[in-house]
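Reading the structure
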Amino acid sequence: MADLQFDFTQMSVKDCYKIICGIVVPRPIALVTSVNSEGRINSAPFSFFNAFSDDPVQIALGLQHKADGTPKDTTRNLSAAKYFVINMVDDALASTMNDCAIDFPPNVSEIDALGIETLPGVSIPVPRIASAPFALECRKVVSLAFSNTREILIAEVVRVHARAGLVDPVTHYIDAYRYRPIGRLAGFQYCHQGEIFDMKRESYAEWAAKKK
């Protein structure tokens, strides 16, 4: 059977989305809290999200508009506001994250409607979700629009809140067994953290010595 090929330049946005979202997996989930001009707290999940720099510590967040072209709540909030929080999602927070994806009206806060407990930000004026295993307080650096429906927002992480027991206070390594993050697949599919394994990275000298 011959391999399939897909020319994204000739395909619909919907089909491109289905294929790329099924290939690039699992993706971490950012449950973003932001505040609008009226002080209403919004909470929305994003799987077009990742970290890409450690000096300074920066993340990329994919923002989108609704089907009719109007911006979603988080996109609209972050076009005016400078700060937001990325609340990471673990097994325990998965159901709440999924409920935050409900298409609530703009005047309804997911935080209020779902009874989500929050704690105030420390370095920024945006609250975080109390039950999140990690919460990243972020400062927007730049937002780049590539179409009428998609933007990429770059932000600097200025403070991290970690649940007790997840980070070694000396080495700063994360305990993945306790963290239990979930990953985004495609459609309605997600994945739990599976088997964890280590692979030692050799130096060139070690690799070359084995070849002799």
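A word on the nonpolar core
With 20 residues, the main nonpolar core has Ile59, Leu61, Phe84, Ile86 and Cys138 as its most contacted residues. If you list the elements that add at least two residues to this core, you get β1 (30-35), β2 (41-46), β4 (57-64), β5 (83-88), β8 (134-145) and β9 (150-162). Core analysis: the second largest hydrophobic core is formed by 18 residues, Val85, Ala94, Ile116 and Ala132 among them.

Describing the side chain of glutamine 58
Positionally, glutamine 58 belongs in strand β4. Residue glutamine 58 is classed as buried on the basis of its relative accessible area, which comes to 15%. The residues contacting glutamine 58, other than those within four sequence positions of it, are Ala51, Phe52, Ser53, Val141, Ile154, Ala155 and Glu156.

Some points on the pairing of strand β3 (residues 49-54)
Of the pairings in the sheet, the one linking β3 to β4 comprises 5 bridges and is antiparallel in character. Bridge pairing links serine 53 to glutamine 58 in β4. The antiparallel pairing of β3 with β4 creates a hairpin that spans 2 residues between the two strands.

Things to note about the side chain of asparagine 87
The residue asparagine 87 is located in strand β5 in this model. On the accessibility criterion, asparagine 87 (0% relative accessible area) is buried. Within the local environment of asparagine 87, its side chain forms a polar contact with the backbone oxygen of leucine 31, the two atoms lying 2.8 Å apart. In this structure the side chain of asparagine 87 is engaged in a polar contact, spanning 2.8 Å, whose partner is the backbone nitrogen of isoleucine 129.

Analysis parameters
- Residues numbered from 1 in each chain as written.
- Predicted model: local features only at pLDDT ≥ 70, side-chain atom pairs only at ≥ 80, totals over all residues.
- Heavy atoms only, no water.
- Core = buried A, V, L, I, M, F, W, Y, C linked by side-chain atoms within 4.5 Å.
- Buried < 20%, exposed > 50% of the residue type's maximum accessible area, 1.4 Å probe, protein only.
- Helix = DSSP H or I, 4+ residues; strand = E, 2+ residues; numbered from the N terminus.
- Contact = heavy atoms within 4.5 Å.
- Pairing = 2+ DSSP bridges.
- Polar contact = N/O pair within 3.5 Å; in protein donor to acceptor, adjacent residues only side chain to side chain.

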